Amino acid sequence: MRTGRRDKALEHVRAARDAGLDTVSPRLRMVLGACAALAAKDDGEASRGFGEALAVEGGERWPFDHARIHLLHGERLRRGQAPARARRHLHAAAEVFQRLGAEPWSARAEQELRACGSPVRARPGKALTPQQREIVALAAAGLSNKQIAEKLFLSPRTVSTHLYQAFPKLGVTSRAGLRDALEQRHRP
């Protein structure tokens, strides 16, 4: 699907179903259902397919696969302009990936959550650089990117890049959350 070959993906799903793979085990039924939903042409069909895949009895026994389906469903909903519905699936995915220690998958789910405008956990292992700390403090004080750039002899684009990199480290999605995030970081 990510290479733009939906027809090939649908052929693979049909072949797997024709071979009866979805009757072999609940896990294969869940994964194959998610594959069909991923390849679906319309959002309604995809949503029903993901819902059926997530509803397979005992699906939670395979937490990584289950979380991946939540992630895929959330991504599709977000891109289909349904961010509020996407958040539930993305939060579920992020939580499981964090619990499993699947850091790249957790980061992907959190990136999607940020795109939905949802706050995500701060990444305590990721420290702000000295320049990011200074820029974040100035932004939290209410200065614009242009004002910060003039004060620090940087370009506004550089300021924007530093803020973009600092937001996930602080667990915020907008400038409005910077002050509170800084206060929490400096509490004993």
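Residues numbered from 1 in each chain as written. Predicted model: local features only at pLDDT ≥ 70, side-chain atom pairs only at ≥ 80, totals over all residues. Heavy atoms only, no water.

Student: Go over the packing of helix 5 (residues 83-100) against helix 6 (residues 103-115), please, and point to the residues and values.
Tutor: Between helix 5 and helix 6, whose axes approach to 8 Å, the crossing angle comes to 155°. Considering the angle they form, helix 5 stands roughly antiparallel to helix 6. Considering only the axes of helix 5 and helix 6, their crossing is left-handed. Only Trp105, Ser106, Ala109, Glu110, Glu112 and Leu113 of helix 6 make contact with helix 5, whose side of the interface consists of Arg87, Leu90, His91, Ala93, Ala94, Phe97 and Gln98. For the contact of helix 5 with helix 6, the residue count by class is seven nonpolar, three polar and three charged. (Axes fitted to C-alpha atoms, helices over the stretch in contact; angles between N-to-C directions. Helix = DSSP H or I, 4+ residues; strand = E, 2+ residues; numbered from the N terminus. Parallel < 35°, antiparallel > 145°, perpendicular 65-115°, else oblique. Left-handed = near helix turned anticlockwise from the far one by under 90°. Contact = heavy atoms within 4.5 Å. Nonpolar A, V, L, I, M, F, W, Y, C, P; charged D, E, K, R; others polar.)

Student: Could you give an account of the packing of aromatic side chains, naming the residues involved and the relevant values?
Tutor: The tally for this structure, following the rule as stated, stands at three aromatic pairs. Ring geometry for Phe64 versus Trp105: centroids 5.4 Å apart, planes at 85°, classification edge-to-face. Separated by 41 residues along the polypeptide, Phe64 in helix 4 (residues 63-79) and Trp105 in helix 6 bring together distant segments of the chain. Ring pairing ties together the aromatic residues Phe64, Phe97 and Trp105, which thus form one cluster. (Phe/Tyr/Trp six-rings, centres within 6.5 Å; stacked < 30°, edge-to-face > 60°.)

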